[in-house]
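So the chains spell out like this:
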Amino acid sequence: MNTPGRFFPSILLISQLSFLQTGFTQADPKLTRDIFKELIEINTTHSAGNTTKAAEAMAARLRAAGFADKDLFIGGPTEKEGNLVAILHGSGKRKPLLLLAHIDVVEALPSDWSTDPFKFEEIDGYYYARGSSDDKAMAAIFVANLIRMKKEGAVPDRDIILALTADEEGGDFNGVSWLLQNHKDLIQADYALNEGGGGMAKEGKKILNRVQISEKVFQSFQLEVKNRGGHSSQPRKDNAIYHLAHALDNLSKFDFPVNLNDGTRIYFQRSSKLETGQLAEDMLGVIQSPPRSDAVARLSEMPNYNALLRTTCVATMVNAGHAENALPQTATAIVNCRILPGEDPDRIRELLINVFADKEISVTPVKPAKPSSPSSLNPDVIGPIERITQQLWPGVAVIPSMSTGATDGLYLRNAGIPTYGVSGLFSEAGDVRAHGKDERIGVNAFYEGQEFLYRLVKEMAMKTSVKRDY
Ligand SMILES: [Zn+2]
């Protein structure tokens, strides 16, 4: 574990900056835009879409830029759930760097949207479409940047592997998992860059660049109460719905204990410098040992901070009864938990059983949990992220983060590939539209993110030559 001071930004001198840029081609915004548009307009939803088509379109782009067929792999478990793996060969001095982006998208009902979700539209400085932020921006940027590096004739000291994958948002054949099971050699790498991070701006001012190093574990439990039922004209006190309702009411009043890890502690410590007043004080209060209880109480009121402080479990679905005029024989509920990395899902189940405090209720995991341990704050990765953040956006803090949702990072982390969610794609705090209506990304933010990822990949993959230039 690094001490917080260890990876504070080291500012590069302007002369060093110009060295970094020597020999670089310019980005080709038109090509990048065309690739992004093409990728967006191929429907890759689970219901009607096809990621194989998107994978093929991106392979064609790379082929046209000089990638050999042998360095392009398309494969998947079904005809419409294809994944693309492309390799830009390096000298092999170091193990590869993996760039991961999923190319499937969440469903979008055109009638809910102000624009056609499957048409690439530029309006008032934003690109609108399903997938514009999650996750086709990164996918298009990675393709365009690999093309740029290919044109430069760059020979990195490690292979750069791009994986564009299916079924991150849903579906039975998660692309990363499928690749790990069937073609692990293709994506074996020292580290991976993935979604899950990103920049945050407040009223247009860039504040911080988040690097996701861990994520909470998704685990749903099914609660079930059985009852002999009967005629509703002769009710009894033992009622399946009442049992379930009491248990869920107990849950609504319960909070799991606060449990900070190294990453969330640094997150609050650094975020406190970017906030003011009570919020800044409370962020420092929760990282005290023991955490200050008034600070915990106030931060727990805010769902985003509460989710970082502790494991959460919430009722998301209920189903009970079989007729209006009958006593219910079965009542079920789904309680969805987001478990902190390092906490044991079996232990969470035991705690829930205590909270429900009702022997009539069975509590069963819906699917096995997939825990993943955090990636370390490795200076070989965090160092370049901090340097390039300072080159492009001086004064913007780099902050490690834990996703409260799940990403494909967990499969890679569990396969021994440390994974960092980082994009340099900035959006306004509170303007989160991924999975929702009118998803969008700022036009400038998109091209700045492209430059960030270009420089980051180049520095991580050509570190030896960059060092010589210094
Ligand atoms: Zn995503």
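Residues numbered from 1 in each chain as written. Predicted model: local features only at pLDDT ≥ 70, side-chain atom pairs only at ≥ 80, totals over all residues. Heavy atoms only, no water.

K.L.:
I would appreciate a short explanation of the layout of surface pockets in the present structure.
P.N.:
The gaps of empty space that remain are located by a probe, the size of a water molecule, rolled over the atoms. The volume enclosed by the second largest pocket comes to roughly 270 Å³. Tyr126, Phe426, Ser427, Gly442 and Ala445 are, among the 15 residues lining the second largest pocket, the residues nearest its centre. Within the residue set of the lining of the second largest pocket, elements represented by two or more residues are strand S18 (426-428), strand S19 (440-442) and helix H15 (443-461). Residues of the lining of the second largest pocket, tallied by class, amount to five nonpolar, five polar and five charged. (1 Å grid on protein atoms, 1.4 Å probe; cavity = no way out; pocket = protein on both sides within 12 Å on 5 of 7 lines; lining within 4 Å. Points joined across faces, edges and corners; volume = space filled by probe spheres on them. Helix = DSSP H or I, 4+ residues; strand = E, 2+ residues; numbered from the N terminus. Nonpolar A, V, L, I, M, F, W, Y, C, P; charged D, E, K, R; others polar.)

K.L.:
Looking at this structure, I do not really get the pattern of salt bridges. What am I missing?
P.N.:
Note that side chains of opposite charge can pair when their charged atoms are close. Inspection of the entire model under this criterion finds 27 salt bridges. Put simply, Asp71 and Lys70 hold a salt bridge, and the shortest N to O gap is 3.3 Å. In this structure Lys70 comes out as exposed when scored by relative accessible area, which is 68%. Close ionic contact of Arg270 with Glu386 constitutes a salt bridge, the shortest N to O distance being 3.6 Å. With Arg270 in helix H8 (residues 262-274) and Glu386 in helix H13 (residues 379-392), the pair connects residues that are 116 residues apart, well separated along the chain. The same class applies to Arg270 and to Glu386, which are both buried. One salt-bridge network, in which partners are shared between bridges, spans Asp282, Arg292, Asp294 and Arg298. (Salt bridge = Lys/Arg side-chain N within 4 Å of Asp/Glu carboxyl O. Buried < 20%, exposed > 50% of the residue type's maximum accessible area, 1.4 Å probe, protein only.)

K.L.:
What is the right way to read the packing of helix H9 (residues 277-286) against helix H10 (residues 293-300) from this model?
P.N.:
Working note: a packed helix pair is described by the angle between its axes plus the distance between those axes. Taken N-terminus to C-terminus, the directions of H9 and H10 make an angle of 120°; their axes are 8 Å apart at the nearest point. With respect to H10, the element H9 is oriented oblique. Crossing of H9 against H10: the hand is left-handed. Residue-level inspection shows Gln278, Leu279, Asp282, Met283, Gly285 and Val286 of H9 in contact with H10, the latter providing Ala295, Val296, Arg298 and Leu299. Tallied by class, residues from the contact of H9 with H10 come to six nonpolar, two polar and two charged. (Axes fitted to C-alpha atoms, helices over the stretch in contact; angles between N-to-C directions. Parallel < 35°, antiparallel > 145°, perpendicular 65-115°, else oblique. Left-handed = near helix turned anticlockwise from the far one by under 90°. Contact = heavy atoms within 4.5 Å.)

K.L.:
Help me understand the pairing of strand S9 (residues 205-215), please; the structure alone is not making it clear to me.
P.N.:
Put simply, side chains in a regular strand alternate between the two faces of the sheet. Where burial is concerned, most of S9 is hidden: eight out of the eleven residues are buried. Across five bridges, the pairing between strand S8 (residues 198-202) and S9 is antiparallel. Paired with Ala201 across the strands is Lys206, a residue of S9. Where S8 folds back on S9, the antiparallel hairpin that results is connected by two residues, among which Glu203 adopts a positive phi of roughly 45°. The sheet contact formed by S9 and strand S16 (residues 397-403) spans seven bridges and is parallel. Bridging across to S16, Ser214 finds its partner in Met402. (Pairing = 2+ DSSP bridges.)

K.L.:
Just to check I follow, could you spell out the nonpolar core for this structure?
P.N.:
In this structure, Phe36, Leu62, Leu164, Leu193 and Leu456 are the most contacted members of the largest nonpolar core, which totals 68 residues. It is helix H4 (residues 136-152) that provides the largest number of residues to this core, a total of eleven residues. In contact with Leu164, not counting residues within four places along its chain, are Met58, Asn83, Leu84, Ala101, Ile103, Ala139 and Val143. Phe221, Val225, Val335 and Leu352 belong to the second-largest nonpolar core, a separate cluster that totals 21 residues. (Core = buried A, V, L, I, M, F, W, Y, C linked by side-chain atoms within 4.5 Å.)

K.L.:
How should I be thinking about the packing of helix H3 (residues 51-64) against H4 in this particular structure?
P.N.:
Following both chains from N to C, one finds H3 and H4 inclined at 15°, their axes separated by 9 Å at the closest point. One way to sum up the angle between H3 and H4 is to call them roughly parallel. For the crossing formed where H3 meets H4, the hand is right-handed. Contact residues: H3 offers Met58, Arg61 and Leu62, while H4 offers Val143, Leu146 and Ile147. Of the residues assigned to the contact of H3 with H4, the class counts are five nonpolar, no polar and one charged.

K.L.:
So what exactly am I meant to see when it comes to the coordination of the zinc ion here?
P.N.:
Six octahedrally arranged donors around a metal ideally form angles of 90 or 180 degrees; four tetrahedrally arranged donors ideally form angles of 109.5 degrees. Looking at the zinc ion, the protein donor atoms are His102 (NE2), Asp134 (OD), Glu195 (OE) and Glu195 (OE), and they sit 1.8 to 2.6 Å from it. What the four donor atoms of the zinc ion show is an angle range of 53 to 151° at the metal, which sorts the shape as irregular. For the zinc ion, all donor residues lie on one chain, and their spacing in sequence is H-x31-D-x60-E. Remark: Glu195 occurs in the loop between strand S7 (191-194) and S8 and His102 occurs in strand S3 (residues 97-102); sequence separation between them is 93 residues. The exposure classification of His102 matches that of Glu195, with both residues buried. (Donors = N, O, S within 2.8 Å, 3.2 Å for Na, K, Ca; no water. Tetrahedral: all angles 85-135°; square planar, octahedral: opposite > 155°, others 65-115°.)

Purely spatial values, then, with no claim about function.
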